[in-house]
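This is what each chain is made of:
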Amino acid sequence: MEVKGGRVSCEDGTWTTTDRRGNMATLKKSPFMQSRESMFALRHKVLDHFGQWSAESRCPIGCAVVFADVDCPPPTPEFERADVIDAKDLQRPISESIERTARTRLEELHHRNDRRFAEPSHLKAIQTYLRPDFDRVLAKSVSLGRSEARLVRLTEEQYDRLDELEDNPRCLFEGAAGTGKTLLALEYARRASRSGASVLFVCFNRLLGDWLREQTEGTSITAGTWHRTLRKIIESSSVGDEFLLQEYQAIDRDNLSSLFDDIYPLYGELALEEMQGSFDVLVMDEAQDLLDETTLSLLSKAIGGGLEQGTWAFFGDFTRQALYGDGSRTSTQVSLHSEHFVRARLTLNCRNTKRIAEETAIVGGFDAPPFRLGREQGMPVEHRYWKTADGMLKSIERTVDRLTRDGVRIDDMVILSPIRLEKSALASVGRICGMPLVDCSRSLHTPQE
């Protein structure tokens, strides 16, 4: 069947069509010639595949033209009314028109004493050849990649929060895990950098700090963990050599508490006073682990105008992610250094798929999720159970093997555990499925930080 939509006309043997926008197209051949040529091309394919003398090749075949929006043109020697399905015909099920055309063709064959019929088995064979059944399962690597790409995009809520940042020089953002605090902080830092500002972007976690440095490379943003950034600032100051000596002695005495509680703050203050607020903007992620009096006092010296008059944005979860504090480091602590700032909340989970967010909320013991769920469904969450350490290892190996065969990259796989690697059942395991097991949980409080 050749389908023509819109207005159809023929003048001096030339056919033209006009679509709903008024665009006109001239046809090189009449719709009926196009239909017949397609019919014979299809018949030749069937002959080549099944053989000239096969039952499939002897099945009757016909053609028709569909004018979806107009009435049938005046019949000519080129076609009969039975060759056309027009707009009036389509007011009823198209199957009726197809059956009418098929009956007309069969009657013509019978009139010529050609008694060919199409048996169901022959039609099934032709259908399987022309349109075989298949079911291509979406590879996990593709599904995961698409979900991740959609989740990374800033949500509408986050854009609204960015507008608040533009209108207010000092903001404190609160949000549960997965509500996009880090992405929002990163985008804010980038915008400030593009406007010509020098930006200090700090966090607590070493792995996050490494990632932030990678994401801001080549910009005017100084990013990383607070302790590592502070150490670099001290090293480049006039008290750098003295600090390094004190640091070495503290490590030699295995007195790391003194190093971070006394030596870093003392020399950090001296170094930052030399800089005289050289940063224009301060951005802090994981603020729930950094809002102590000592850190805030030092940060106040790092930006122009201090925390009282400077430009800053803090992002944190002060109720559920305060891993290294008691959760009480909220706006009250910040208020001691700045009387005027805006508080805002992030409530939409845009890090995880809806299925993962629901599952983690249940496992976490929440009566209801501590955030609004996003719309990205994602892949189903699977559960695996074991009774022994050996059973756990075998389960992990089977899972990793299946994921790699599905095209998931090995560096996109992370094994999370509440137990440190050296105390876990994987402590003596160096490789899984022939690939190295890398420990990403090194201590956050090392002199190199």
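Above this note sits the structure.
As the structure is a prediction and not an experimental result, all values here were calculated from the model.

A. Up close: the nonpolar core. With 35 residues, the main nonpolar core has Leu282, Met284, Leu291, Trp312 and Phe314 as its most contacted residues. The next biggest cluster of nonpolar side chains, apart from the first, holds 24 residues, and it includes Phe173, Ala189, Phe201 and Ala344.

B. Structural view of the sheet that holds strand 3 (residues 14-18). Taken together, the three strands give an open sheet; going across it, the order is 2-3-4, and neighbouring strands pair in antiparallel fashion. Every other strand in the sheet has two partners, leaving strand 2 (7-11) and strand 4 (24-26) as the edge strands with one partner each. Each strand of the sheet is rotated relative to its neighbour by a mean of 25°, with strand direction disregarded. The pairing of strand 2 with strand 3 spans five bridges and is classified as antiparallel. Pairing of Glu11 across the sheet is with Thr14, part of strand 3.

C. Structural view of the environment of Ala68. Structurally, the position occupied by Ala68 is in the loop between strand 5 (65-67) and strand 6 (84-85). Along the primary structure Ala68 and Lys4 are separated by 64 residues, whereas in three dimensions their C-alpha atoms are 6.4 Å apart. Setting aside its immediate chain neighbours within four residues, Ala68 contacts Lys4, Ala87 and Leu90.

D. Focus on the packing of aromatic side chains. On inspection of all chains with the given rule, the structure shows 11 aromatic pairs. Plain terms: the ring middles of Phe32 and Phe79 are 4.0 Å apart, the flat faces sit at 5° to each other, and that makes the pair stacked. Linking Phe32 in helix 1 (residues 31-50) with Phe79 in the loop between strand 5 and strand 6, this pair joins segments that are 47 residues apart in sequence. We note that Phe32, like Phe79, is buried. Ring-pair connections join several aromatic residues into one group, and the members of that group are Trp15, Phe32, Phe67 and Phe79.

E. Main features of the sheet that holds strand 5. One open sheet holds the three strands; their spatial order is 1-5-6, and the pairing between them is parallel. Each of the sheet's edge strands pairs with one partner strand only, and the pair in question is strand 1 (2-4) and strand 6. Bridge analysis of strand 1 against strand 5 gives three bridges, and the strand direction is parallel. Counted as the bridge partner of Lys4 is Phe67 from strand 5.

F. Summary view of a nonpolar patch on the surface. The grouping of Met1, Leu90, Ile94 and Ile98 at the surface amounts to a nonpolar patch, some 330 Å² of accessible area in total. By the secondary structure assignment, Ile98 is in helix 2 (residues 94-111). For Ile98, a relative accessible area of 37% puts it in the partly exposed group.

G. Inspection of the pattern of salt bridges at higher detail. One pass over the structure, following the stated rule, counts 25 salt bridges. Between Asp83 and Arg105 there is a salt bridge; the shortest N-O distance is 1.8 Å. Taken as a pair, Asp83 in the loop between strand 5 and strand 6 and Arg105 in helix 2 lie far apart in primary sequence, 22 residues in all. By the burial criterion, Asp83 is buried, and Arg105 matches it. Here Lys394 and Asp390 are joined by a salt bridge, their closest N and O atoms 3.3 Å apart. With Lys394 and Asp390 both in helix 15 (residues 389-405) and four residues apart, this pair spans about one turn of that helix.

What counts, and at which threshold
- Residues numbered from 1 in each chain as written.
- Predicted model: local features only at pLDDT ≥ 70, side-chain atom pairs only at ≥ 80, totals over all residues.
- Heavy atoms only, no water.
- Core = buried A, V, L, I, M, F, W, Y, C linked by side-chain atoms within 4.5 Å.
- Buried < 20%, exposed > 50% of the residue type's maximum accessible area, 1.4 Å probe, protein only.
- Pairing = 2+ DSSP bridges.
- Helix = DSSP H or I, 4+ residues; strand = E, 2+ residues; numbered from the N terminus.
- Axes fitted to C-alpha atoms, helices over the stretch in contact; angles between N-to-C directions.
- Contact = heavy atoms within 4.5 Å.
- Phe/Tyr/Trp six-rings, centres within 6.5 Å; stacked < 30°, edge-to-face > 60°.
- Patch = residues over 30% accessible without salt bridge, like charges linked within 9 Å, V, L, I, M, F, W, Y side chains within 5 Å.
- Areas by Shrake-Rupley, 256 points an atom, 1.4 Å probe, with all protein chains shown as cover.
- Salt bridge = Lys/Arg side-chain N within 4 Å of Asp/Glu carboxyl O.

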